[in-house]
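# Structural features, examined
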Amino acid sequence: QVQLQESGPGLVKPSETLSLTCTVSGGSISSPYWWSWIRQSPGKGLEWIGEMSHTGRPNYNPSLKSRVTMSIDTSKTHFSLTLTSVTAADTAVYYCARNWDSWGQGTLATVSS
Amino acid sequence: QTVVTQEPSLTVSPGGTVTLTCAPSTGAVTSGNNPHWFQQKPGQAPRALIYTTSKKYSWTPARFSGSLLGGKAALTLSGVQPEDEAEYYCLLSYGGAWVFGGGTELTVL
């Protein structure tokens, strides 16, 4: 049973960069799956941020594409999200998921000075 | 970018049947949009229920079913249980990009 665990700084200052990691256990990150990042602002719905194939091919949400970078590290069994120039609107619980069937529990990232 | 609309809220009695729908701002939903459905309870991560329009995961209760209905994706709950009270989200694929619906808050009362 694959398990995903998000981790990150918790608090980021406006205009800075948010970096999050999703650690995968109980399964290989090199297997032919799509690995996604999703976020949920407080009290709001889900927003797809982007996805990356096991070979490192990305697809990004057009509305976030200019600020998002994803990467996958098969040797360390994790994949990462970088979001630049953050504002308060980026405050959210960030989830990682594998092929939509397995999700992490989420990590809250707050943007505040 | 396509906007996906769901009913903001629905109420159903225990044992009843309810259908949630998922409609894009342009065009109709087809199997090519690879509709997915998720359930989310307060404080929890979303849980996948349906993929590829109507396929169920091993953990999906039999009372949940997915379909295409009048140009929309649909999730039907038959014989609703109190534990089905939750937020439900649909997800559609558009050529390499995914779009979530706004969610339906389902109340069992």
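Residues numbered from 1 in each chain as written. Chains lettered and ligands numbered in written order. Predicted model: local features only at pLDDT ≥ 70, side-chain atom pairs only at ≥ 80, totals over all residues. Heavy atoms only, no water.

In this section: the pattern of salt bridges. Using the criterion set out here, one finds 6 salt bridges over all chains in the structure. Salt-bridge contacts for B:R63 lead to B:E83; the nearest nitrogen and oxygen are separated by 3.8 Å. Taken as a pair, B:R63 in the loop between β6 (55-56) and β7 (64-69) and B:E83 in the loop between β8 (72-78) and β9 (86-94) lie far apart in primary sequence, 20 residues in all. If you follow the salt bridges from partner to partner, you end up with A:R39, A:E47, A:R67 and A:D90 in one network. (Salt bridge = Lys/Arg side-chain N within 4 Å of Asp/Glu carboxyl O. Helix = DSSP H or I, 4+ residues; strand = E, 2+ residues; numbered from the N terminus.)

Let's shift gears to the interface of chain B and chain A. Across the contact, 16 residues belong to chain B and 19 residues belong to chain A. Interface area for chain B against chain A, summed over the two sides, is near 1300 Å², with a carbon-plus-sulfur share of 64%. If you sort the residues of chain B by the area they bury against chain A, B:P46, B:W98 and B:F100 come out on top, with a joint share of 38%. The tally of links between chain B and chain A comes to 0 salt bridges. The tally of links from chain B across to chain A stands at 4 residue pairs in polar contact (both at pLDDT 80 or more). Taken together, the elements giving at least two residues each to the side of chain B that touches chain A come down to β4 (36-40), β9 and β10 (97-100) of chain B. A breakdown of the residues in the side of chain B that touches chain A according to their chemical character gives 11 nonpolar, 5 polar and no charged. (Contact = heavy atoms within 4.5 Å. Buried area = accessible area lost by both parts, 1.4 Å probe. Polar contact = N/O pair within 3.5 Å; in protein donor to acceptor, adjacent residues only side chain to side chain. Nonpolar A, V, L, I, M, F, W, Y, C, P; charged D, E, K, R; others polar.)

Turning to the pairing of strand β9 (residues 92-98) of chain A, a few remarks are in order. Residues and elements named next belong to chain A. Among the 7 residues of β9, 6 are classified as buried, and the element is accordingly described as predominantly covered. As paired elements, strand β4 (residues 34-40) and β9 share 6 bridges and run antiparallel to each other. The residue bridging I38 from the neighbouring strand is Y95, located in β9. When β9 meets strand β11 (residues 107-111), the two strands line up antiparallel, connected through 3 bridges. Looking across to β11, one finds that A92 is bridged to A109. The pairing of β9 with strand β10 (residues 102-103) spans 2 bridges and is classified as antiparallel. Paired with A97 across the bridge in β10 is W103. (Buried < 20%, exposed > 50% of the residue type's maximum accessible area, 1.4 Å probe, protein only. Pairing = 2+ DSSP bridges.)

Glancing now at the state of the cysteines. When the sulfur atoms of two cysteines share a covalent bond, that bond is a disulfide. Tallied over the full model, the rule gives 2 disulfides over all chains. The disulfide partner of A:C22 is A:C96, and the gap between their sulfur atoms is 2.1 Å. Disulfide A:C22 to A:C96: torsion about the S-S bond roughly 65°, handedness right-handed. Remark: A:C96 occurs in strand β9 and A:C22 occurs in strand β3 (residues 18-25); sequence separation between them is 74 residues. This pair shows no difference in class: A:C22 is buried, exactly as A:C96 is. The disulfide bridge from B:C22 ends at B:C90, spanning 2.1 Å between sulfur atoms. Residues B:C22 and B:C90 are joined through a disulfide that is right-handed, its torsion about the S-S bond being 75°. (Disulfide = S-S within 2.5 Å.)

Residue and element names in this part refer to chain A. Structurally, the position occupied by K65 is in the loop between β6 (58-60) and β7 (68-73). Given the relative accessible area of 53%, K65 is considered exposed. Between the alpha carbons of K65 and Q5 there is a distance of 24 Å; along the sequence they are 60 residues apart.

To continue, consider the environment of A:L83. Residues and elements named next belong to chain A. For L83, the position within the fold is in strand β8 (residues 78-83). On the basis of relative accessibility, which here comes to 2%, the residue L83 falls in the buried class. C-alpha separation for the pair L83 and V2, spaced 81 residues apart in sequence, amounts to 26 Å. Other than its neighbours up to four places away in sequence, L83 contacts E16, T17, L18, R39, R67, V68, D90 and Y94.

To continue, consider the sheet that holds β8(B). Residues and elements named next belong to chain B. Spatial ordering of the open sheet is given by β1-β3-β8-β7, a layout of 4 strands whose pairing is antiparallel. With partners counted over all chains shown, the strands left at the sheet margins are β1 (4-6) and β7, one partner each. Shown here is a sheet whose adjacent strand axes are inclined to one another by a mean of 20°, direction ignored. With 6 bridges joining them, strand β3 (residues 17-24) and β8 adopt antiparallel strand pairing. Paired with T17 across the bridge in β8 is S78. (Axes fitted to C-alpha atoms, helices over the stretch in contact; angles between N-to-C directions.)

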